[in-house]
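A structural walkthrough
In case you want the letters, here they are:
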Amino acid sequence: MRIRLIAVGRKMPKWVTTAYDDYAGRLPRECRLELVEITPGPRKQSADAARAIAAEDERMVKAIGRDEHVIALDLEAKPWSTAQLADDLHAWMADGRDRALLVGGPDGLGPASLARADVRRSLSALTLPHPLVRVIMAEQLFRAHSMLIGHPYHRA
């Protein structure tokens, strides 16, 4: 099973890339994490945000695999705890179906991406910067896997 983190944004700061790569690299092959970057829509002072969201939405939906189970990260969705993620990861690994985690840009996910999602989850009631979500998701997946195998990384 592979998990694809499909995220709006390119050219992340070095700290984001370093942290993401570190945590993603710790995950075993049976639940490997791959990053798919979506080119952001045009955002200028005079540009319409709806146009940018529409462009990102179209690119994101095209990036989703036909048979992937899709989880949209959405501020207004049901909260996702680390323990729940560990339970989900266990179930995902058991069924072997690929997963796609969708991370929107500065204005969130578009309607087509949300409609394509099989599940919506929220990482926090806080509004998180989308580059940081990449790092948090990679770390939480590693933490969840650590919980499943009894590794001491997770000490809650």
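Small disclaimer: the values here were computed from a predicted structure and weren't measured.

All right, on to the overall build of the protein then. Helices and strands together make up the secondary structure of the protein, namely 5 helices and 5 strands. Ordered by position from the N terminus, the helices and strands of the protein form the series β-α-β-α-β-α-β-α-β-α. Compactness check: the protein gives a C-alpha radius of gyration of 15 Å against a globular reference of 15 Å for 156 residues, within 12% of the reference. Considering only C-alpha atoms, the protein reaches an extent of 50 × 30 × 25 Å along its principal axes. In the protein, which comprises 156 residues, the share counted as buried stands at 44%. For the protein, the proportion of contacts with a sequence separation of at least 24, taken over those separated by at least 6, is 83%. The positive charge centre, built from 23 side chains, and the negative charge centre, built from 20, are 3 Å apart in the protein.

Here helix α2 (residues 49-63) spans 21 Å end to end across 15 residues, near enough to the 21 Å set by a 1.5 Å rise per residue. Buried within α2 we find A52, E56, D57, M60 and A63. Mapping the buried residues of α2 onto a view down its axis gives an arc of 135°, with all of them on the same face. Exposed and facing more than 90 degrees away from the buried side of α2 are R51 and K62. Contact partners of the buried residues in α2: β1 (2-8), β2 (32-38), β4 (99-103) and α4 (111-116).

Reading guide: rules and limits
Residues numbered from 1 in each chain as written. Predicted model: local features only at pLDDT ≥ 70, side-chain atom pairs only at ≥ 80, totals over all residues. Heavy atoms only, no water. Helix = DSSP H or I, 4+ residues; strand = E, 2+ residues; numbered from the N terminus. Rg over C-alpha atoms; globule rule 2.2 N^0.38 Å. Buried < 20%, exposed > 50% of the residue type's maximum accessible area, 1.4 Å probe, protein only. Contact = heavy atoms within 4.5 Å. Lys, Arg positive; Asp, Glu negative; His and termini not counted. Charge placed at Lys NZ, Arg CZ, Asp CG, Glu CD. Expected span 1.5 Å × (residues − 1). Arc of directions from axis to C-beta.

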